[in-house]
Amino acid sequence: MKLDYYGLGIAKGLMVTLKHLFRRPVTVQYPEQTLNTSRRIRGNELVWNEEKCTGCSTCAKACHIGAISIVTAPNPEGDKYPVEKYEIDTGYCIMCGMCVEVCPFEALYMGAGYEKAQYRRGDLVQSKEVMKYTSEKYVSGYFYPEFAAQLPLQTLLLEKITEEE
Amino acid sequence: MVMKTEPLVLNIGPAHPSTHGVFRMRATLDGEVIIDVEPIFGYLHRGIEKLAEERTYQQFIPLTDRLDYVSAMGNNMAYCMAVEKLAAIPVPERAEYIRVIMAELQRIASHLIAVGSFLNDCGAFMTPILYMVREREKIVDLFEMVSGQRLTYNYMRFGGLSQDVPDEFLPALRKFIDQMPRYLDEYDQLLKENEILLARTKGVGILSKETAINCSMTGPMLRGSGVPWDLRKADPYSVYSRFEFDIPCGARGDSYDRYRVRVEEMRQSVRIIRQAMEQLPVGPVRSKTPVMLIRPPAGEVYSHVESPKGELGFYLVSDGSIAPYRCHIRGPSFINLTALREMIVGWKVADAIVIFGSIDIVMGEVDR
(Lines give C-alpha, C1' and ligand atoms only; values in the text may rest on other atoms or scores of the structure.)
Protein backbone atom coordinates (compact mmCIF):
# COMPACT_ATOMS: atom_id res chain seq x y z
CA MET A 1 0.00 0.00 0.00
CA LYS A 2 1.27 3.47 -0.89
CA LEU A 3 1.15 6.21 1.69
CA ASP A 4 1.89 9.92 1.35
CA TYR A 5 4.18 10.10 4.34
CA TYR A 6 5.67 7.71 6.81
CA GLY A 7 6.15 7.91 10.53
CA LEU A 8 3.97 10.86 11.43
CA GLY A 9 0.99 8.71 12.44
CA ILE A 10 3.16 6.54 14.65
CA ALA A 11 4.65 9.62 16.32
CA LYS A 12 1.15 10.96 16.97
CA GLY A 13 0.14 7.66 18.55
CA LEU A 14 3.21 7.60 20.71
CA MET A 15 2.25 11.02 22.07
CA VAL A 16 -0.84 9.41 23.55
CA THR A 17 1.11 6.65 25.21
CA LEU A 18 3.62 9.23 26.47
CA LYS A 19 0.77 11.19 28.04
CA HIS A 20 -0.38 8.06 29.80
CA LEU A 21 2.96 7.81 31.57
CA PHE A 22 1.96 10.78 33.69
CA ARG A 23 -1.52 9.59 34.53
CA ARG A 24 -2.26 8.23 37.93
CA PRO A 25 -2.76 4.45 38.02
CA VAL A 26 -6.30 3.29 38.74
CA THR A 27 -5.39 -0.26 39.68
CA VAL A 28 -6.69 -1.59 42.98
CA GLN A 29 -4.68 -4.17 44.91
CA TYR A 30 -7.70 -6.35 45.55
CA PRO A 31 -7.42 -8.37 48.75
CA GLU A 32 -5.83 -5.45 50.61
CA GLN A 33 -7.90 -2.68 49.05
CA THR A 34 -11.51 -3.12 48.08
CA LEU A 35 -13.92 -0.86 46.27
CA ASN A 36 -17.48 -0.29 47.38
CA THR A 37 -19.77 -2.37 45.23
CA SER A 38 -23.10 -1.28 43.88
CA ARG A 39 -25.86 -0.83 46.42
CA ARG A 40 -27.91 -3.31 44.41
CA ILE A 41 -25.16 -5.92 44.24
CA ARG A 42 -26.40 -9.45 43.69
CA GLY A 43 -23.82 -11.12 45.88
CA ASN A 44 -23.86 -14.81 46.63
CA GLU A 45 -24.15 -14.51 50.43
CA LEU A 46 -27.93 -14.64 50.33
CA VAL A 47 -29.91 -13.70 53.42
CA TRP A 48 -33.13 -15.36 54.47
CA ASN A 49 -35.53 -13.96 57.05
CA GLU A 50 -37.04 -16.78 59.07
CA GLU A 51 -39.73 -14.66 60.76
CA LYS A 52 -41.15 -13.42 57.50
CA CYS A 53 -40.88 -16.61 55.46
CA THR A 54 -44.14 -18.55 55.23
CA GLY A 55 -42.76 -21.47 53.26
CA CYS A 56 -44.82 -20.67 50.17
CA SER A 57 -41.99 -21.82 47.81
CA THR A 58 -42.52 -19.01 45.33
CA CYS A 59 -38.75 -18.49 45.27
CA ALA A 60 -38.15 -22.13 44.40
CA LYS A 61 -40.69 -21.92 41.56
CA ALA A 62 -39.12 -18.78 40.16
CA CYS A 63 -35.63 -20.29 40.17
CA HIS A 64 -35.01 -21.62 36.68
CA ILE A 65 -31.98 -23.64 37.76
CA GLY A 66 -33.70 -25.37 40.64
CA ALA A 67 -31.05 -24.29 43.10
CA ILE A 68 -33.49 -23.69 45.97
CA SER A 69 -34.77 -26.65 47.91
CA ILE A 70 -37.38 -26.09 50.57
CA VAL A 71 -39.16 -28.55 52.85
CA THR A 72 -42.03 -27.44 55.06
CA ALA A 73 -44.04 -29.19 57.74
CA PRO A 74 -47.85 -29.21 57.67
CA ASN A 75 -49.53 -26.65 59.85
CA PRO A 76 -53.31 -27.07 60.26
CA GLU A 77 -53.80 -23.90 62.37
CA GLY A 78 -52.03 -20.83 60.97
CA ASP A 79 -51.34 -19.76 57.41
CA LYS A 80 -47.59 -20.12 57.86
CA TYR A 81 -45.72 -23.38 57.33
CA PRO A 82 -42.75 -24.08 59.58
CA VAL A 83 -39.73 -24.36 57.30
CA GLU A 84 -37.75 -27.49 58.07
CA LYS A 85 -35.14 -27.17 55.39
CA TYR A 86 -34.18 -24.19 53.30
CA GLU A 87 -31.10 -24.57 51.14
CA ILE A 88 -29.67 -22.63 48.23
CA ASP A 89 -26.98 -24.36 46.22
CA THR A 90 -24.81 -21.44 45.14
CA GLY A 91 -22.85 -23.82 42.96
CA TYR A 92 -25.84 -23.89 40.62
CA CYS A 93 -27.14 -20.39 41.35
CA ILE A 94 -26.52 -17.86 38.57
CA MET A 95 -27.36 -14.85 40.76
CA CYS A 96 -30.22 -13.69 38.57
CA GLY A 97 -32.12 -12.38 41.58
CA MET A 98 -35.49 -13.72 40.42
CA CYS A 99 -36.19 -15.39 43.80
CA VAL A 100 -35.69 -12.09 45.58
CA GLU A 101 -37.87 -10.26 43.09
CA VAL A 102 -40.85 -12.60 43.37
CA CYS A 103 -40.88 -13.19 47.16
CA PRO A 104 -44.31 -11.89 48.23
CA PHE A 105 -43.37 -11.73 51.93
CA GLU A 106 -40.04 -9.90 51.56
CA ALA A 107 -38.19 -12.70 53.26
CA LEU A 108 -35.25 -13.31 50.91
CA TYR A 109 -32.53 -10.83 50.07
CA MET A 110 -29.41 -10.90 47.96
CA GLY A 111 -26.24 -10.52 50.00
CA ALA A 112 -23.93 -7.55 49.88
CA GLY A 113 -20.97 -9.87 50.38
CA TYR A 114 -19.40 -11.78 47.53
CA GLU A 115 -16.43 -13.61 49.05
CA LYS A 116 -17.87 -17.08 49.40
CA ALA A 117 -15.34 -19.20 47.55
CA GLN A 118 -15.06 -22.73 48.89
CA TYR A 119 -12.71 -25.62 48.39
CA ARG A 120 -15.47 -28.24 48.01
CA ARG A 121 -18.62 -28.09 45.95
CA GLY A 122 -20.68 -29.36 48.85
CA ASP A 123 -19.67 -26.37 50.93
CA LEU A 124 -21.36 -24.10 48.40
CA VAL A 125 -24.77 -25.26 49.61
CA GLN A 126 -26.00 -22.58 51.99
CA SER A 127 -28.25 -23.82 54.73
CA LYS A 128 -30.80 -21.77 56.60
CA GLU A 129 -28.46 -21.34 59.55
CA VAL A 130 -25.84 -19.74 57.30
CA MET A 131 -28.32 -17.48 55.54
CA LYS A 132 -30.32 -16.47 58.59
CA TYR A 133 -31.11 -12.78 58.81
CA THR A 134 -29.59 -10.88 61.72
CA SER A 135 -29.28 -7.16 62.14
CA GLU A 136 -25.48 -7.34 61.74
CA LYS A 137 -25.67 -8.90 58.28
CA TYR A 138 -25.01 -6.78 55.22
CA VAL A 139 -28.03 -7.05 53.00
CA SER A 140 -28.04 -5.91 49.40
CA GLY A 141 -30.51 -3.28 48.27
CA TYR A 142 -31.61 -5.33 45.26
CA PHE A 143 -35.38 -4.66 45.16
CA TYR A 144 -35.18 -3.27 48.73
CA PRO A 145 -34.46 0.48 48.65
CA GLU A 146 -34.53 0.66 52.45
CA PHE A 147 -31.50 -1.63 52.64
CA ALA A 148 -29.81 0.18 49.75
CA ALA A 149 -29.81 3.40 51.72
CA GLN A 150 -27.76 1.75 54.46
CA LEU A 151 -24.95 0.67 52.15
CA PRO A 152 -22.08 2.99 51.21
CA LEU A 153 -22.13 4.65 47.79
CA GLN A 154 -20.54 2.73 44.96
CA THR A 155 -16.97 3.69 44.01
CA LEU A 156 -17.00 4.67 40.36
CA LEU A 157 -13.96 4.59 38.13
CA LEU A 158 -15.53 7.63 36.50
CA GLU A 159 -14.83 9.67 39.60
CA LYS A 160 -11.37 8.28 40.17
CA ILE A 161 -9.99 9.53 36.85
CA THR A 162 -10.40 13.27 37.23
CA GLU A 163 -6.96 14.80 36.78
CA GLU A 164 -7.46 15.52 33.08
CA GLU A 165 -10.13 18.16 33.53
CA MET B 1 10.17 -22.41 -12.52
CA VAL B 2 7.04 -22.87 -10.45
CA MET B 3 7.31 -25.56 -7.84
CA LYS B 4 4.23 -27.65 -7.26
CA THR B 5 3.42 -27.87 -3.55
CA GLU B 6 1.02 -29.98 -1.57
CA PRO B 7 -1.82 -28.07 0.10
CA LEU B 8 -1.42 -27.94 3.85
CA VAL B 9 -4.36 -28.07 6.25
CA LEU B 10 -3.91 -25.75 9.21
CA ASN B 11 -6.25 -25.63 12.16
CA ILE B 12 -6.53 -22.16 13.63
CA GLY B 13 -8.27 -22.60 16.95
CA PRO B 14 -10.27 -23.65 18.93
CA ALA B 15 -7.86 -22.56 21.63
CA HIS B 16 -6.17 -19.78 19.73
CA PRO B 17 -6.03 -16.39 21.45
CA SER B 18 -7.25 -14.44 18.44
CA THR B 19 -10.27 -16.57 17.61
CA HIS B 20 -12.28 -14.75 20.30
CA GLY B 21 -13.45 -17.81 22.12
CA VAL B 22 -13.65 -21.38 20.97
CA PHE B 23 -13.86 -20.95 17.22
CA ARG B 24 -11.93 -23.11 14.79
CA MET B 25 -10.98 -22.31 11.23
CA ARG B 26 -9.74 -25.16 9.08
CA ALA B 27 -7.60 -23.36 6.57
CA THR B 28 -6.07 -25.02 3.53
CA LEU B 29 -2.84 -23.34 2.62
CA ASP B 30 -0.84 -23.21 -0.56
CA GLY B 31 2.46 -22.01 0.80
CA GLU B 32 1.44 -19.00 2.82
CA VAL B 33 -1.74 -18.23 0.91
CA ILE B 34 -5.11 -19.50 2.09
CA ILE B 35 -6.95 -21.27 -0.68
CA ASP B 36 -9.88 -22.57 1.34
CA VAL B 37 -11.28 -22.02 4.80
CA GLU B 38 -14.01 -23.79 6.68
CA PRO B 39 -15.42 -22.42 9.91
CA ILE B 40 -16.13 -25.04 12.56
CA PHE B 41 -18.12 -24.15 15.61
CA GLY B 42 -20.27 -25.72 18.24
CA TYR B 43 -17.71 -25.90 21.01
CA LEU B 44 -19.78 -23.55 23.17
CA HIS B 45 -23.20 -24.96 22.33
CA ARG B 46 -25.46 -24.89 25.36
CA GLY B 47 -28.81 -25.40 23.72
CA ILE B 48 -30.21 -22.07 24.81
CA GLU B 49 -33.09 -22.25 22.32
CA LYS B 50 -34.14 -25.58 23.75
CA LEU B 51 -33.73 -24.34 27.31
CA ALA B 52 -36.21 -21.58 26.46
CA GLU B 53 -38.88 -24.18 25.76
CA GLU B 54 -38.48 -25.70 29.21
CA ARG B 55 -38.66 -22.43 31.08
CA THR B 56 -41.38 -19.90 31.55
CA TYR B 57 -41.16 -16.68 29.58
CA GLN B 58 -39.95 -14.83 32.66
CA GLN B 59 -37.29 -17.37 33.56
CA PHE B 60 -35.64 -17.13 30.16
CA ILE B 61 -34.59 -13.48 30.64
CA PRO B 62 -31.41 -14.30 32.60
CA LEU B 63 -30.39 -16.78 29.92
CA THR B 64 -30.56 -14.17 27.16
CA ASP B 65 -27.70 -12.42 28.96
CA ARG B 66 -25.58 -15.40 28.13
CA LEU B 67 -26.03 -15.23 24.37
CA ASP B 68 -23.87 -12.30 23.44
CA TYR B 69 -22.27 -11.72 26.79
CA VAL B 70 -20.55 -8.55 25.61
CA SER B 71 -23.92 -6.87 25.03
CA ALA B 72 -26.29 -8.42 27.53
CA MET B 73 -28.57 -5.39 27.79
CA GLY B 74 -29.29 -5.50 24.06
CA ASN B 75 -30.28 -9.17 24.30
CA ASN B 76 -32.56 -8.47 27.25
CA MET B 77 -34.21 -5.73 25.28
CA ALA B 78 -34.69 -7.82 22.14
CA TYR B 79 -36.27 -10.70 24.03
CA CYS B 80 -38.51 -8.49 26.16
CA MET B 81 -39.67 -6.65 23.04
CA ALA B 82 -40.55 -9.95 21.38
CA VAL B 83 -42.67 -11.10 24.33
CA GLU B 84 -44.28 -7.68 24.66
CA LYS B 85 -45.27 -7.85 21.00
CA LEU B 86 -46.62 -11.36 21.48
CA ALA B 87 -48.65 -10.62 24.60
CA ALA B 88 -49.42 -6.96 23.75
CA ILE B 89 -47.88 -5.60 26.95
CA PRO B 90 -47.56 -1.81 27.05
CA VAL B 91 -44.27 -0.24 28.09
CA PRO B 92 -44.20 3.08 29.96
CA GLU B 93 -42.46 6.01 28.34
CA ARG B 94 -39.70 6.32 30.94
CA ALA B 95 -38.85 2.66 30.64
CA GLU B 96 -38.46 3.02 26.86
CA TYR B 97 -36.06 5.91 27.29
CA ILE B 98 -33.98 4.12 29.91
CA ARG B 99 -33.90 1.06 27.65
CA VAL B 100 -32.54 3.16 24.83
CA ILE B 101 -29.91 4.67 27.12
CA MET B 102 -28.88 1.20 28.27
CA ALA B 103 -28.81 -0.22 24.74
CA GLU B 104 -26.65 2.63 23.49
CA LEU B 105 -24.28 2.42 26.46
CA GLN B 106 -24.03 -1.27 25.73
CA ARG B 107 -23.27 -0.52 22.09
CA ILE B 108 -20.37 1.68 23.16
CA ALA B 109 -19.11 -1.03 25.53
CA SER B 110 -19.40 -3.75 22.91
CA HIS B 111 -17.70 -1.69 20.20
CA LEU B 112 -14.90 -0.82 22.61
CA ILE B 113 -14.21 -4.51 23.07
CA ALA B 114 -14.62 -5.16 19.34
CA VAL B 115 -12.25 -2.39 18.28
CA GLY B 116 -9.80 -3.15 21.06
CA SER B 117 -9.51 -6.81 20.27
CA PHE B 118 -9.39 -6.07 16.54
CA LEU B 119 -6.40 -3.81 17.11
CA ASN B 120 -4.94 -6.46 19.34
CA ASP B 121 -5.20 -8.92 16.45
CA CYS B 122 -3.52 -6.40 14.15
CA GLY B 123 -0.48 -6.40 16.37
CA ALA B 124 -1.09 -3.26 18.43
CA PHE B 125 -0.61 -5.52 21.36
CA MET B 126 -2.45 -4.73 24.59
CA THR B 127 -2.05 -0.93 24.70
CA PRO B 128 -5.21 0.09 22.80
CA ILE B 129 -7.35 -2.65 24.31
CA LEU B 130 -6.32 -1.64 27.81
CA TYR B 131 -7.28 1.98 27.14
CA MET B 132 -10.61 0.79 25.79
CA VAL B 133 -11.29 -1.63 28.60
CA ARG B 134 -10.72 1.25 30.99
CA GLU B 135 -13.58 3.17 29.35
CA ARG B 136 -15.71 0.06 29.23
CA GLU B 137 -15.16 -0.33 32.95
CA LYS B 138 -16.91 2.99 33.50
CA ILE B 139 -19.93 1.75 31.57
CA VAL B 140 -19.88 -1.51 33.48
CA ASP B 141 -19.84 0.51 36.71
CA LEU B 142 -23.00 2.28 35.57
CA PHE B 143 -24.66 -1.01 34.71
CA GLU B 144 -23.66 -2.40 38.08
CA MET B 145 -25.27 0.59 39.71
CA VAL B 146 -28.63 -0.02 38.08
CA SER B 147 -28.75 -3.80 37.96
CA GLY B 148 -26.30 -5.12 40.55
CA GLN B 149 -24.22 -7.22 38.18
CA ARG B 150 -21.31 -6.42 35.96
CA LEU B 151 -21.78 -8.78 33.02
CA THR B 152 -25.14 -10.54 33.13
CA TYR B 153 -27.51 -7.75 33.97
CA ASN B 154 -30.97 -9.32 33.83
CA TYR B 155 -32.32 -5.79 34.03
CA MET B 156 -35.29 -5.66 31.67
CA ARG B 157 -38.66 -7.19 32.27
CA PHE B 158 -41.82 -7.53 30.23
CA GLY B 159 -43.48 -4.15 30.36
CA GLY B 160 -40.47 -2.14 31.39
CA LEU B 161 -37.53 -2.53 33.71
CA SER B 162 -36.97 -4.45 36.91
CA GLN B 163 -36.28 -1.29 38.92
CA ASP B 164 -35.93 2.40 38.25
CA VAL B 165 -32.43 3.81 38.03
CA PRO B 166 -31.02 5.06 41.36
CA ASP B 167 -30.70 8.79 42.04
CA GLU B 168 -26.95 8.81 41.57
CA PHE B 169 -27.17 7.27 38.09
CA LEU B 170 -28.03 10.28 35.94
CA PRO B 171 -25.24 12.60 37.24
CA ALA B 172 -22.73 9.79 36.72
CA LEU B 173 -24.06 9.13 33.22
CA ARG B 174 -23.81 12.81 32.33
CA LYS B 175 -20.23 12.84 33.50
CA PHE B 176 -19.44 9.80 31.40
CA ILE B 177 -21.11 11.23 28.32
CA ASP B 178 -19.12 14.45 28.71
CA GLN B 179 -15.87 12.52 28.99
CA MET B 180 -16.42 9.95 26.27
CA PRO B 181 -15.89 12.06 23.09
CA ARG B 182 -12.48 13.10 24.38
CA TYR B 183 -11.45 9.49 24.79
CA LEU B 184 -12.72 8.68 21.30
CA ASP B 185 -10.50 11.47 19.96
CA GLU B 186 -7.64 9.94 21.87
CA TYR B 187 -8.19 6.53 20.23
CA ASP B 188 -8.22 8.23 16.86
CA GLN B 189 -4.98 10.01 17.64
CA LEU B 190 -3.49 6.74 18.79
CA LEU B 191 -4.20 4.63 15.73
CA LYS B 192 -6.27 6.26 13.00
CA GLU B 193 -3.24 7.36 10.99
CA ASN B 194 -0.78 4.77 12.19
CA GLU B 195 1.03 3.61 9.06
CA ILE B 196 1.48 0.06 10.28
CA LEU B 197 -2.24 -0.29 10.96
CA LEU B 198 -3.12 1.25 7.60
CA ALA B 199 -0.81 -1.11 5.80
CA ARG B 200 -2.27 -4.10 7.59
CA THR B 201 -5.95 -3.23 7.24
CA LYS B 202 -6.54 -0.99 4.20
CA GLY B 203 -7.72 -3.07 1.30
CA VAL B 204 -7.55 -6.27 3.35
CA GLY B 205 -10.61 -8.51 3.45
CA ILE B 206 -12.78 -6.58 1.03
CA LEU B 207 -16.44 -7.47 1.28
CA SER B 208 -18.38 -6.12 -1.64
CA LYS B 209 -21.85 -4.65 -1.29
CA GLU B 210 -23.41 -7.49 -3.26
CA THR B 211 -21.75 -10.25 -1.24
CA ALA B 212 -22.66 -8.53 2.00
CA ILE B 213 -26.31 -8.35 1.01
CA ASN B 214 -26.34 -11.87 -0.40
CA CYS B 215 -24.89 -13.25 2.85
CA SER B 216 -27.57 -11.29 4.75
CA MET B 217 -24.96 -9.51 6.79
CA THR B 218 -26.11 -6.82 9.17
CA GLY B 219 -24.63 -4.30 11.49
CA PRO B 220 -21.20 -2.70 11.10
CA MET B 221 -20.19 -5.41 8.61
CA LEU B 222 -22.88 -4.32 6.16
CA ARG B 223 -22.42 -0.64 6.83
CA GLY B 224 -18.67 -0.99 6.38
CA SER B 225 -19.43 -2.16 2.84
CA GLY B 226 -21.36 1.02 2.18
CA VAL B 227 -24.97 -0.03 2.66
CA PRO B 228 -26.68 2.45 5.00
CA TRP B 229 -28.94 -0.11 6.66
CA ASP B 230 -29.65 0.34 10.33
CA LEU B 231 -32.77 -1.04 11.95
CA ARG B 232 -32.93 1.96 14.25
CA LYS B 233 -33.69 4.02 11.12
CA ALA B 234 -35.09 1.41 8.76
CA ASP B 235 -37.65 -0.01 11.18
CA PRO B 236 -37.62 2.28 14.22
CA TYR B 237 -38.47 0.34 17.34
CA SER B 238 -38.84 1.66 20.88
CA VAL B 239 -38.40 5.46 20.79
CA TYR B 240 -35.55 5.63 18.31
CA SER B 241 -37.59 7.67 15.85
CA ARG B 242 -37.38 10.63 18.24
CA PHE B 243 -33.60 10.94 18.11
CA GLU B 244 -31.32 12.49 15.56
CA PHE B 245 -28.32 10.46 14.54
CA ASP B 246 -26.38 9.48 11.44
CA ILE B 247 -25.52 6.10 10.06
CA PRO B 248 -21.77 5.95 9.51
CA CYS B 249 -20.82 3.99 6.40
CA GLY B 250 -17.59 2.78 4.90
CA ALA B 251 -16.66 3.13 1.26
CA ARG B 252 -14.63 0.09 0.25
CA GLY B 253 -15.71 -2.59 2.67
CA ASP B 254 -12.25 -3.49 3.93
CA SER B 255 -11.18 -4.19 7.50
CA TYR B 256 -10.21 -0.57 8.05
CA ASP B 257 -13.68 0.64 7.06
CA ARG B 258 -15.31 -1.72 9.50
CA TYR B 259 -13.05 -0.47 12.27
CA ARG B 260 -13.89 3.12 11.42
CA VAL B 261 -17.62 2.42 11.28
CA ARG B 262 -17.47 1.06 14.82
CA VAL B 263 -15.60 4.08 16.15
CA GLU B 264 -18.02 6.46 14.45
CA GLU B 265 -20.99 4.52 15.78
CA MET B 266 -19.73 5.12 19.29
CA ARG B 267 -19.92 8.86 18.64
CA GLN B 268 -23.47 8.50 17.36
CA SER B 269 -24.40 6.49 20.46
CA VAL B 270 -23.09 9.29 22.64
CA ARG B 271 -25.31 11.66 20.66
CA ILE B 272 -28.37 9.46 21.17
CA ILE B 273 -27.75 9.12 24.91
CA ARG B 274 -27.39 12.87 25.25
CA GLN B 275 -30.75 13.43 23.54
CA ALA B 276 -32.41 10.66 25.53
CA MET B 277 -31.21 12.19 28.79
CA GLU B 278 -32.68 15.55 27.82
CA GLN B 279 -36.04 14.06 26.93
CA LEU B 280 -36.19 11.55 29.81
CA PRO B 281 -39.70 11.77 31.30
CA VAL B 282 -40.69 10.94 34.87
CA GLY B 283 -43.17 8.22 35.69
CA PRO B 284 -43.38 4.50 36.31
CA VAL B 285 -40.88 2.14 34.74
CA ARG B 286 -42.98 -1.00 34.72
CA SER B 287 -46.53 -1.54 33.56
CA LYS B 288 -48.84 -3.80 35.50
CA THR B 289 -47.69 -7.25 34.46
CA PRO B 290 -47.58 -10.40 36.53
CA VAL B 291 -44.25 -10.91 38.25
CA MET B 292 -44.10 -14.65 37.61
CA LEU B 293 -46.26 -16.17 34.93
CA ILE B 294 -47.63 -14.71 31.75
CA ARG B 295 -49.70 -16.61 29.23
CA PRO B 296 -49.49 -14.94 25.84
CA PRO B 297 -52.18 -15.87 23.30
CA ALA B 298 -51.29 -18.57 20.79
CA GLY B 299 -49.43 -17.25 17.82
CA GLU B 300 -46.02 -16.37 16.60
CA VAL B 301 -43.93 -13.26 16.58
CA TYR B 302 -40.63 -12.03 15.24
CA SER B 303 -39.06 -9.00 16.77
CA HIS B 304 -35.67 -7.57 15.98
CA VAL B 305 -33.36 -4.90 17.30
CA GLU B 306 -30.10 -3.46 16.09
CA SER B 307 -27.64 -5.05 18.46
CA PRO B 308 -24.01 -3.86 18.34
CA LYS B 309 -23.19 -6.73 16.01
CA GLY B 310 -26.18 -6.51 13.73
CA GLU B 311 -29.79 -7.58 13.61
CA LEU B 312 -30.66 -9.59 16.69
CA GLY B 313 -34.04 -11.22 16.29
CA PHE B 314 -36.19 -13.39 18.51
CA TYR B 315 -38.78 -15.62 16.88
CA LEU B 316 -41.25 -16.98 19.41
CA VAL B 317 -44.08 -19.41 18.90
CA SER B 318 -46.65 -19.51 21.67
CA ASP B 319 -49.25 -22.19 22.25
CA GLY B 320 -50.95 -20.25 24.98
CA SER B 321 -49.09 -21.88 27.83
CA ILE B 322 -46.59 -20.41 30.26
CA ALA B 323 -43.55 -21.38 28.18
CA PRO B 324 -42.71 -20.69 24.53
CA TYR B 325 -43.39 -23.59 22.17
CA ARG B 326 -40.38 -22.62 20.11
CA CYS B 327 -37.80 -19.93 20.46
CA HIS B 328 -35.45 -19.20 17.62
CA ILE B 329 -32.71 -16.65 17.90
CA ARG B 330 -31.28 -14.92 14.88
CA GLY B 331 -27.82 -14.15 16.12
CA PRO B 332 -25.93 -11.56 14.11
CA SER B 333 -22.51 -13.00 14.96
CA PHE B 334 -23.48 -16.34 13.46
CA ILE B 335 -24.82 -14.94 10.22
CA ASN B 336 -21.95 -12.48 9.82
CA LEU B 337 -19.60 -15.46 9.88
CA THR B 338 -21.07 -16.78 6.62
CA ALA B 339 -18.98 -14.36 4.58
CA LEU B 340 -15.77 -15.50 6.24
CA ARG B 341 -14.74 -17.66 3.30
CA GLU B 342 -15.37 -14.96 0.70
CA MET B 343 -13.24 -12.53 2.64
CA ILE B 344 -10.33 -14.73 3.65
CA VAL B 345 -9.59 -16.82 0.57
CA GLY B 346 -6.57 -15.44 -1.26
CA TRP B 347 -5.03 -13.73 1.75
CA LYS B 348 -2.16 -14.87 3.91
CA VAL B 349 -2.52 -16.41 7.37
CA ALA B 350 -1.57 -13.21 9.17
CA ASP B 351 -4.29 -11.34 7.24
CA ALA B 352 -6.82 -14.02 8.07
CA ILE B 353 -6.48 -13.11 11.75
CA VAL B 354 -7.04 -9.43 10.96
CA ILE B 355 -10.07 -10.16 8.77
CA PHE B 356 -11.54 -12.48 11.34
CA GLY B 357 -11.01 -9.88 14.05
CA SER B 358 -12.86 -7.29 11.98
CA ILE B 359 -16.02 -9.43 11.89
CA ASP B 360 -16.38 -9.09 15.68
CA ILE B 361 -18.09 -12.27 16.75
CA VAL B 362 -18.92 -13.55 20.21
CA MET B 363 -18.99 -17.31 20.40
CA GLY B 364 -21.76 -17.31 22.97
CA GLU B 365 -24.06 -16.06 20.25
CA VAL B 366 -22.66 -18.12 17.38
CA ASP B 367 -23.10 -21.45 19.15
CA ARG B 368 -25.95 -20.52 21.49
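Residues numbered from 1 in each chain as written. Chains lettered and ligands numbered in written order. Predicted model: local features only at pLDDT ≥ 70, side-chain atom pairs only at ≥ 80, totals over all residues.

(A) Expanded view of the sheet that holds strand β5 (residues 125–126) of chain A. Residues and elements named next belong to chain A. With antiparallel pairing, the 3 strands of this open sheet are ordered in space as β2-β3-β5. With one partner strand each, in any of the chains shown, β2 (68–72) and β5 form the two edges of the open sheet. With 5 bridges connecting them, β2 and strand β3 (residues 83–89) associate as antiparallel partners. What sits directly across from S69, in β3, is E87. (Pairing = 2+ DSSP bridges. Helix = DSSP H or I, 4+ residues; strand = E, 2+ residues; numbered from the N terminus.)

(B) Spotlight on the sheet that holds strand β7 (residues 310–318) of chain B. Residues and elements named next belong to chain B. Overall, antiparallel pairing links the 3 strands, which are arranged β6-β7-β8 in an open sheet. Of all strands in the sheet, those with a lone pairing partner are β6 (299–307) and β8 (326–330), marking the two edges. Taken over all neighbouring pairs, the strand axes of this sheet differ in orientation by 10° on average, direction set aside. With 9 bridges joining them, β6 and β7 adopt antiparallel strand pairing. Paired with E306 across the two strands is E311, which belongs to β7. Lying on the sheet, helix α3 (residues 72–87) is in contact with β6 and β7; it crosses β6 at an angle near 150°. (Axes fitted to C-alpha atoms, helices over the stretch in contact; angles between N-to-C directions. Contact = placed C-beta atoms within 7 Å.)

(C) Representation of unusual backbone geometry in the model. Residue and element names in this part refer to chain A. Residue S57 is not a glycine yet carries a positive backbone phi of 65°. Within the secondary structure layout, S57 lies in the loop between β1 (43–48) and α2 (58–62). In this structure, E106 is a non-glycine residue whose phi angle is positive, near 55°. Within the fold, E106 resides in the loop between α3 (98–102) and β4 (108–111). With 13 C-beta atoms counted inside 10 Å, the residue E106 sits in the partly exposed group. (Buried ≥ 20, exposed ≤ 12 C-beta atoms within 10 Å, placed from the backbone.)

(D) Summary view of the pairing of β8(B). Residue and element names in this part refer to chain B. Because side chains alternate across β8, one face comprises the buried residues C327 and I329, and the other comprises R326, H328 and R330, none of which is buried. Here β7 pairs with β8 via 5 bridges, running antiparallel. When the bridges of β8 are listed, F314 appears paired with I329.

(E) Representation of the packing of helix α5 (residues 127–147) of chain B against helix α6 (residues 169–191) of chain B in the model. All names here are of chain B. Following both chains from N to C, one finds α5 and α6 inclined at 165°, their axes separated by 11 Å at the closest point. Looking at the two axes, α5 sits roughly antiparallel to α6. For α5 against α6, the interelement crossing comes out left-handed. Between α5, through P128, Y131, E135, K138, L142, M145 and V146, and α6, the contact on the second element is made entirely by F169, A172, L173, F176, Y183, Y187, L190 and L191. (Parallel < 35°, antiparallel > 145°, perpendicular 65-115°, else oblique. Left-handed = near helix turned anticlockwise from the far one by under 90°.)

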